[in-house]
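# Notes for the structure review
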Amino acid sequence: MTGLPGAGDWRPAAPPGRSRLLALAPWIAAAVLAPPLAGGLAGAVATAPLSAWRLLAAEPGIGRSILLSVLVAVAATVISAALAGAIAALVAARPVRARATERLALVLVAAPHAAVAVGLAFLIAPTGLLFRLAGGWIYTAADGRALPPDLPLPGDSWGLSLIAGLVVKEMPFLLALTIAAQQRVGARAALDRARSLGWPAASAWWRVVAPQIWPLLRLPVAAVAVYGLGTVDMALVLGPSLPPVLAVRSLSLLFDPDPARAAAGAAAALLQLVLAVALILSGLAAERLVRRGGADRLTVRPRRPLAPFASRLAAGLGLLVLAMAVLAVVTLVFWAGAAVWRFPDPLPAGWSMARLTGMAADLAPAARASALYALLPVLIAVPLALLLLESQARSPARAVGEGPIYLPLLLPPAAFLAGLQGPVLRLGLDGTGLALVWCHLATVFPYVFLALRESYRRTDQRPRRLARSLGRSGFGAWTAVMLPLTVRPLAVAAAIGFSAGVAQYLPAVMIGGGRIPLLATEAVATAAGLDRRAAAAAALLLAMLPAAGFLLASLIPDPAGRRRCR
Amino acid sequence: MTLWMRIAGRMALAAALSWGASAQAAGSTATAPQPAPKPQGAQLRAQTDWQAVLDEARGQTVRFNAWGGDPKINEFIERVAAEAEGCCAVIVEQVKLADTAEAVARIKAEAAAGRKTEGGSVDLIWINGENFAALRTADLLWGPMLDRLPDARFIDLGANPALARDGSLPVDGYEVPWGLSQFGLVYDRAVTPDPPRSPAALADWIEAHPGRFTYPAPPDFIGSAFLKQMLIMLLPKDKRPALMRPVDPARAPDLTAPLWAWLDRIRPAMWREGRAFPPNGPALERMQADGAVDLGFAFHPGQAASAIASGLMPASTRVIGWSGGSIANAHFVAIPANADAKAGAMVFANMLISPEIQAAKLDPLIWGDMTVLSAGRLSEEDRAVFRDIDLGPAWPSEEELGPAIPEPHPSWTDWLEAEWSRRYLAG
């Protein structure tokens, strides 16, 4: 990976020689990010000939699988965004609460999807914690035994449990970003002004703040939709089984020993890509419609107090979802520490820390590798993202070409990696740290860039111009003014990128050849087994790395935000 | 150990050592054929051969790709790995897989990229059935090598058809068997004192206990095994031989009609009225441990014992075979053709079939997996090691486990899975 800027040698906004670096930035980014993407996409297309599509079309119930996937993705995204907005509106005028909510949300973002799914499944299943706490009230006692009711929870045929699971996991993600965004656009002042004009706070938030921060949230929301379309780990635990969603079918086909069926799996993965693009395009169309219809309404004073009521209701629901997420994680903690926890005991019959400590000792090398292979991509991604953003600031035309950056978020990872496997093997790069870092970088970079993009672009440029006029060099002004102003968004972006890197599982299996054992591969392997206690312990260990990252990021004060609060 | 337990243990040991013994003449274990004495020269050559393998293996790192879903099994592999490092300076790293198909796909991709004889990422793989067929038919396994392992002499390939044929294909020395499985029913004796062991009894039981039974959705291998087991039992004896031959698509619908009728009959009384199925075997085990259903399935007679020992299931959990015989198969390790540490992989494979390790593996507290070694080929001392293992009360007796019956021809697995999907998957 020569030619790649190292962690320290980028020089945005600098004398002529360095400006050339900025002009080259898009090309550098392309050179770093394109090979895995192009290779993966080309490989995926090549492995799915026409016969594969025919085989896929003949799969029983495939139409319903597709419909379910779309339904789940759309519903989960809309609900997550609406609830996140409602909570953000609720705390918008209270910086302390906003800060606490944001921290809680970030902790939940750190929890791995699969772990939350397992925790939630145990929470809502008829044999799960909620029903156990309800106890004899719910269980019928046939032949002296407590029998759970036979309810379709989780895994109902309409994917409602899966939608709930996705909302529990994605709502905190959007909430954290929404709170961060509204702090940056000065929501509190806007709300104060609106309220002085007689608007209820919730109405003012949705009509004044929401349109301002929507551009910052558009891409994260799209990422949530695409994740909902492609999720396998959550769908296996919470999703319907007759038939399962498209992503689950795609993966099981992709790993079929019969090459023809494996090709049909590649076709199914490409179909997911098509669906993702279609979802995003219809999202953009919907956005245009809303904007056209809503533009003039912004100037009108609301007559009916429906919005505040609806918003408060949604906020209540949202807080319930947050509570569910916390409970799901707490359930995992209980499982990890339980010696014996059998139905219908509401709490474990005994505790044992031996499994957790033993596992932590066993997994220490894997944890170190996980940290390394998530940190290295972040160390490349953050400077690269800054370089790209500075370059775009100089010449906005350069921003046009940034679309492909998000491709890894749109492509189902299994298809992308299956396509990449061939070229990597031919180059002899499989099993090398380089290939793994590169693959992780392809996924980590869009998250980092996404997390950083809007807040960086919207950072007040006046102090920096002032520093320049006072004689500072471009780079000097950047380090003296821009860096302190953006250090918190930078840290959060790095933490998000780190958590995305830690969660990566398939690259280690398919490109790493299993030669580099990571925490994620160990946790997924354990989750495939019978023992929920071991699975919970592994998942908790997996969650600790990103949680540490977010904790560090949240300790960094936000000078930009604090100045506005005063 | 009480006398009763000792007797139960002995009976279980007999079952474990003489797998399928009830199909053979009584007492055959005691008079199992001894290996023909080899000429002195051949033995000497075999010894020097093995010494060469040991020398080559010294310092090699073996990447053992193995399903990693059971902490108990992972621990066992780790223990054997530590021993391999101690005795032979072979370092064994378990690459824990969530699904063996991942490693099979990787080996195929490596071969497609031109790495056919070296440079592979897998040195040894835990494998059987369709994954073996996929690698063997593509000529991606290295061998034959079973005869080169000194401890293979304790395995009597003729004692059990599952040892010599893995699915549709003869093993031909390309795989090393290291465990035996037999499909059984897991139940709680305190809840279901008289478990249903035939399709008719099971259907009656399910209708009497609505919502308390389900099976993993095929193509999960436990789910597919359940379909095959029921099909065999539902067919009259004279029609069963058709299952040993490849599927004849013209006759298959007629032949399997009783199975679909039976499945349709139980469906409304199943868990969630048969509108949802657990995705795999461990998921069903978790449901049983949670009390969501009353019956589960096991491929290991020690499964109940180990689930009790680790506090997952009540102490009254038991395993029992199906009346008339249960499907049996073996699981193996194999060396991919492009493995780099072939000698090290052979050394580790040989350790896996050594009497000492096989005996440890039989212990339900360690794993509870049946041995592939034949009692008749073991020394008196080794037999005593096996005899001294406490199999515990949850291990089925020989009568309870019943005889082993061979799997249908593997083409039936694919056909049944596809037909099940056609009938059930669309909802």
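The paragraphs below set out a description of the structure included in this document. Quick caveat: nothing in here was measured; it's all calculated off a predicted structure. (Residues numbered from 1 in each chain as written. Chains lettered and ligands numbered in written order. Predicted model: local features only at pLDDT ≥ 70, side-chain atom pairs only at ≥ 80, totals over all residues. Heavy atoms only, no water.)

Glancing now at the overall build of chain A. Scanning chain A for helices and strands turns up 23 helices and four strands. Taking all 566 residues of chain A together, 55% fall into the buried category. In chain A, the proportion of contacts linking residues at least 24 apart, taken out of those at least 6 apart, comes to 80%. Summed over all atoms, the accessible surface of chain A reaches about 23,100 Å², with 69% contributed by carbon and sulfur. Distance between charge centroids for chain A: 13 Å, based on 50 positive and 23 negative side chains. (Helix = DSSP H or I, 4+ residues; strand = E, 2+ residues; numbered from the N terminus. Buried < 20%, exposed > 50% of the residue type's maximum accessible area, 1.4 Å probe, protein only. Contact = heavy atoms within 4.5 Å. Areas by Shrake-Rupley, 256 points an atom, 1.4 Å probe, with all protein chains shown as cover. Lys, Arg positive; Asp, Glu negative; His and termini not counted. Charge placed at Lys NZ, Arg CZ, Asp CG, Glu CD.)

Turning next to the overall build of chain B. Each helix and strand in chain B was counted, giving 16 helices and 11 strands. The buried share of chain B, reckoned over its 427 residues, is 59%. Of the contacts formed within chain B by residues at least 6 apart in sequence, a portion of 83% connects residues at least 24 apart.

Residue and element names in this part refer to chain A. Note on placement: Leu541 falls in helix α22 (residues 532-555). Distance from Leu541 to Arg288, taken between C-alpha atoms, is 44 Å for residues 253 residues apart in sequence. Residues within four places of Leu541 in sequence aside, it is in contact with Met359, Ala360, Leu363 and Leu519.

In this section: the nonpolar core. Counting residues in hydrophobic clusters, the biggest one holds 178 residues, and the most contacted among them are Met171(A), Leu175(A), Trp205(A) and Phe445(A). Per-element tally for this core: the top contributor is helix α14 (residues 354-394) of chain A, with 17 residues. Discounting residues that sit within four places of it in the chain, Leu175(A) has contacts with Ala84(A), Ile87(A), Ala88(A), Thr101(A), Ala105(A) and Leu322(A). Listed in part, the 59 residues of the second largest apolar core include Ile77(B), Trp178(B), Ile335(B) and Phe386(B). (Core = buried A, V, L, I, M, F, W, Y, C linked by side-chain atoms within 4.5 Å.)

Okay, the state of the cysteines next. Residues and elements named next belong to chain B. Per the counting criterion, the structure on display carries one disulfide over all chains. Paired by a disulfide, Cys87 and Cys88 hold their sulfur atoms 2.3 Å apart. For the disulfide bridge between Cys87 and Cys88, the dihedral angle about the S-S bond is near -80°, and by the sign convention the bridge is left-handed. (Disulfide = S-S within 2.5 Å.)

Now for the sheet that holds strand β7 (residues 184-188) of chain B. Residue and element names in this part refer to chain B. Reading across from one edge, β8-β7-β9 is the order of the three strands in this open sheet, with antiparallel pairing throughout. Since the sheet does not close on itself, it has two edges, and those belong to β8 (296-298) and β9 (317-320), each with one partner. Pairwise comparison of adjacent strand axes, ignoring direction, gives a mean angle of 35° for this sheet. Pairing analysis gives three bridges linking β7 to β8, with the strands arranged antiparallel. Bridge pairing links Val186 to Gly296 in β8. (Pairing = 2+ DSSP bridges. Axes fitted to C-alpha atoms, helices over the stretch in contact; angles between N-to-C directions.)

Residues and elements named next belong to chain A. Here the structure, examined in full by the defined rule, presents 10 cavities of 30 Å³ or more. Approximately 310 Å³ is the volume attributed to the largest cavity. Lining the largest cavity are 23 residues, with Leu177, Ala180, Ala181, Ala451 and Ser455 sitting closest to its centre. Per-element tally for the lining of the largest cavity: the top contributor is helix α7 (residues 160-184), with seven residues. In terms of residue class, the lining of the largest cavity is made up of 16 nonpolar, two polar and five charged. (1 Å grid on protein atoms, 1.4 Å probe; cavity = no way out; pocket = protein on both sides within 12 Å on 5 of 7 lines; lining within 4 Å. Points joined across faces, edges and corners; volume = space filled by probe spheres on them. Nonpolar A, V, L, I, M, F, W, Y, C, P; charged D, E, K, R; others polar.)

For helix α16 (residues 410-425) of chain B, spanning 16 residues, the distance from its first C-alpha to its last is 21 Å, which sits close to the expected 22 Å at 1.5 Å a residue. Turning to α16(B), its buried residues are Trp412(B), Thr413(B), Trp415(B), Leu416(B), Glu417(B), Glu419(B), Trp420(B), Ser421(B), Tyr424(B) and Leu425(B). For α16(B), the elements touching its buried residues are α11 (246-254) of chain A together with α8 (221-234) and α9 (252-266) of chain B. (Expected span 1.5 Å × (residues − 1).)

Any link to function would need more than the numbers given here.
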